[in-house]
Amino acid sequence: MNVLGIETSCDETAAAVVRDGRQVLASVVFTQTEFHAPYGGVVPEVASRNHLVYLPEIVEQAVSKSGVGWNGIDAIAATYGPGLASSLLIGLTTGRALALRLAKPFIAVNHLEAHLYAPFLSKSTPDPSGVCPFVGLVVSGGHTCLVMVEGLGKYRLLGTTVDDAAGESFDKGAKLLGLGYPGGPEIDRLAGNGNASAITFPRGRVSADTFGLSRDLCFSFSGLKTALLYFLKDDSKAAGYSPADIAASYQQAIVDPLCKRLVAAAQRVGAGCVVLSGGVSINRRLREQAAKLGKLSGLRVLFAEPQYCLDNAAMVAGLAGAGQGIKGDEAWSVDVNPNLKIGFR
Ligand code: KG4
Ligand code: ZN
């Protein structure tokens, strides 16, 4: 089954064709960074306007690159949440219109569940059933969550951030350091030459159980950003360190809690495998440390390939092709849901 997937939840305009949930025939992503960079973050109105302009062309490109043609598309899938309402609306409506025109089924997909599925788009990764139950860590610009995956469609939230997302901390930290947007890749690059233990920035702790989740599996990053702000304001402190040392130390204060809680979550639920996905999981230090800790703790560690870490439509088409998502009559009526949680509709 060839699924055409569409993803427009934030500022990536993406379309892909995936066969049987695993084989990516084409994946096209148009990143709108250049339009948002002057503002230092994503501007919702700009994002949705550009989805409207570029999505038709991106979809055409994906179908053409896939080699199967329009006649070879068996179903259409699109993200319906979480994300920016006006951006989600463009992808969801386009997906439904195409499905109607082609007289094919339409499938509505949860963006977070799609991120969790992204590692399974790689040929070298086993099928999800081969590594379940596993613990997934989704770390992106908008999300930081730890999820127990008993099987596809069977998700239990174990931990979440109580304030900023990990990617947001990278982006805000980079802004304070005078680096470009998005900040994650900039800090990753600069930190490569720095000493991660030069400065001890605070590792955010959550003081009480929140949303019914255990506090020691939840994250807090807002204090870290404030600590960097005050550190930089104080010349007597900041002047003694190179930008690389500051970036590496700041990055370490994000990576440490992510790795610590990922391993703790796997041990708590008795999972033998952990899976990292989302834009922040491209981070070299995070990959290195998660792999090392996994080895020490006897855990299998899987990552998505970098092109499937950032927002893309292959993960949407893949998950739908694996039988997940909202199907049938409900798929035609479900509305966009900007606050959609994992494991919910
Ligand atoms: O998954 P994604 O495309 O968007 C959301 O669904 O939110 O992730 C974008 C985020 C941005 O915050 C960006 O700074 C971060 O991923 N990011 C990184 C790296 N590459 C992208 N963060 C740390 N290190 C990186 N190498
Ligand atoms: Zn995302």
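Since this is a predicted model, take the numbers as computed values, not measurements.

## What about the packing of aromatic side chains?
To describe a pair of aromatic rings, one takes the distance between the centres and the angle between the planes. Taken as a whole and judged by the stated rule, the model has 10 aromatic pairs. Aromatic side chains Tyr 117 and Phe 120 sit 5.9 Å apart centroid to centroid with 45 degrees between the ring planes, which places their arrangement in the tilted category. A relative accessible area of 2% means that Tyr 117 is categorised as buried. For Phe 120, a relative accessible area of 1% gives the class buried. What links up through ring pairs into an aromatic cluster is the set Phe 201, Phe 231, Tyr 241 and Tyr 250.

## Topic: helix H9 (residues 243–269)
Side chains of residues three or four places apart in an α-helix project in the same direction, reflecting 3.6 residues per turn. With 27 residues, H9 should reach 39 Å at 1.5 Å per residue; the first-to-last C-alpha distance of 40 Å fits that figure. Just beyond H9, the residue with positive phi is Gly 270, at close to 75 degrees.

## What to know about the nonpolar core
Val 135, Leu 137, Leu 146, Phe 201, Ile 254, Leu 258 and Leu 286 are the most contacted members of the largest nonpolar core, which totals 42 residues. If you list the elements that add at least two residues to this core, you get strand S6 (134–139), strand S7 (144–151), helix H5 (166–176), helix H6 (183–191), helix H7 (222–233), H9, strand S9 (273–277) and helix H10 (284–297). Among the elements that make up this core, the one with the highest residue count is H9 (14 residues). With residues up to four places along the chain from it excluded, the contact list for Val 135 reads Leu 146, Val 147, Leu 158, Leu 262, Ala 265, Ala 266, Val 269, Ala 271, Cys 273, Val 274 and Val 275.

## A look at the coordination of the zinc ion (ligand 2)
Binding of the zinc ion (ligand 2) to the protein goes through His 111 (NE2), His 115 (NE2) and Asp 311 (OD), at separations of 2.0 to 2.1 Å. Mapped onto the polypeptide sequence, the residues donating to the zinc ion (ligand 2) form the spacing pattern H-x3-H-x195-D. Taken together, the positions of His 111 in helix H4 (residues 111–117) and Asp 311 in the loop between helix H11 (306–309) and helix H12 (314–321) put the pair 200 residues apart, joining distant regions of the chain. A residue is classified by how much of its surface remains accessible, and His 111, at 3% relative accessible area, is buried. Residue class for Asp 311 comes out buried when judged on its relative accessible area of 14%.

## Side note on the site of ligand 1
Taken together, 22 residues are adjacent to ligand 1, and Gly 141, Asp 171, Gly 184, Asp 188 and Gly 279 come closest. Gly 167 is positioned with one of its backbone polar atoms (N or O) 3.3 Å from an oxygen atom of ligand 1. Between ligand 1 and Gly 279 there is a distance of 3.0 Å, counted from an oxygen atom to a backbone nitrogen or oxygen. Across the complex, the protein chains shield 91% of the 560 Å² of accessible surface that ligand 1 would expose by itself. Elements that contribute at least two residues to the shell around ligand 1 include exactly H4, H5 and H6. Take the shell around ligand 1: its biggest share by element is 4 residues, from H6. Grouping the constituent residues of the shell around ligand 1 by class yields 7 nonpolar, 11 polar and 4 charged.

## A few points about the domain arrangement of the protein
Accessible area lost when the parts come together is the quantity often used to give the size of an interface. Each domain of the protein was delimited in the assignment, giving domain 1 (2–116 + 309–333) and domain 2 (128–303). Computed over C-alpha atoms, the centres of domain 1 and domain 2 are 27 Å apart. Each partner contributes residues to the interface: domain 1 has 17 residues there, and domain 2 has 18 residues. For the pair domain 1 and domain 2, the summed buried surface comes to about 1500 Å²; carbon and sulfur atoms form 73% of the total. Of all residues in domain 1, the largest losses of buried area upon contact with domain 2 belong to His 115, Leu 116 and Cys 309, amounting jointly to 41% of the total for that side. Our enumeration of links across domain 1 and domain 2 arrives at 0 salt bridges. Taken together, the connections running from domain 1 to domain 2 amount to 3 residue pairs in polar contact (both at pLDDT 80 or more).

## A closer look at the sheet that holds strand S3 (residues 23–31)
An order of S3-S2-S1-S4-S5 is seen for the 5 strands of this open sheet, with the pairing classed as mixed. Every other strand in the sheet has two partners, leaving S3 and strand S5 (106–110) as the edge strands with one partner each. Across this sheet, the average inter-strand angle for adjacent strands is 20 degrees, counted without regard to direction. Relative to strand S2 (residues 12–19), strand S1 (residues 2–7) runs antiparallel, the two sharing 6 bridges. In the sheet register, Glu 7 faces S2, and the bridge partner there is Ala 14. Along the sheet face, helix H3 (residues 85–102) touches S1, strand S4 (75–81) and S5 and points at about 160 degrees away from the line of S4.

## A short note on the packing of H5 against H9
Packed helices, taken two at a time, are described by their axes: the angle between them and the distance between them. Across the interface, H5 lies against H9 with an axial gap of 10 Å and an inter-helix angle of 175 degrees. Considering the angle they form, H5 stands roughly antiparallel to H9. Together, Ala 166, Ser 169, Phe 170 and Gly 173 of H5 and Tyr 250, Gln 251, Ile 254 and Leu 258 of H9 make up the contact between the two elements. A breakdown of the residues in the contact of H5 with H9 according to their chemical character gives 5 nonpolar, 3 polar and no charged.

## Some details on a nonpolar patch on the surface
Taken together, the side chains of Leu 176, Leu 229 and Tyr 230 present a nonpolar region at the surface, about 260 Å² in accessible area. Looking at where Tyr 230 falls in the secondary structure, it is placed in helix H7.

Rules and cut-offs
- Residues numbered from 1 in each chain as written.
- Chains lettered and ligands numbered in written order.
- Predicted model: local features only at pLDDT ≥ 70, side-chain atom pairs only at ≥ 80, totals over all residues.
- Heavy atoms only, no water.
- Phe/Tyr/Trp six-rings, centres within 6.5 Å; stacked < 30°, edge-to-face > 60°.
- Buried < 20%, exposed > 50% of the residue type's maximum accessible area, 1.4 Å probe, protein only.
- Helix = DSSP H or I, 4+ residues; strand = E, 2+ residues; numbered from the N terminus.
- Expected span 1.5 Å × (residues − 1).
- Core = buried A, V, L, I, M, F, W, Y, C linked by side-chain atoms within 4.5 Å.
- Contact = heavy atoms within 4.5 Å.
- Donors = N, O, S within 2.8 Å, 3.2 Å for Na, K, Ca; no water.
- Near = heavy atom within 4 Å.
- Polar contact = N/O pair within 3.5 Å; in protein donor to acceptor, adjacent residues only side chain to side chain.
- Areas by Shrake-Rupley, 256 points an atom, 1.4 Å probe, with all protein chains shown as cover.
- Nonpolar A, V, L, I, M, F, W, Y, C, P; charged D, E, K, R; others polar.
- Domains from an automatic or database assignment.
- Buried area = accessible area lost by both parts, 1.4 Å probe.
- Salt bridge = Lys/Arg side-chain N within 4 Å of Asp/Glu carboxyl O.
- Pairing = 2+ DSSP bridges.
- Axes fitted to C-alpha atoms, helices over the stretch in contact; angles between N-to-C directions.
- Parallel < 35°, antiparallel > 145°, perpendicular 65-115°, else oblique.
- Patch = residues over 30% accessible without salt bridge, like charges linked within 9 Å, V, L, I, M, F, W, Y side chains within 5 Å.

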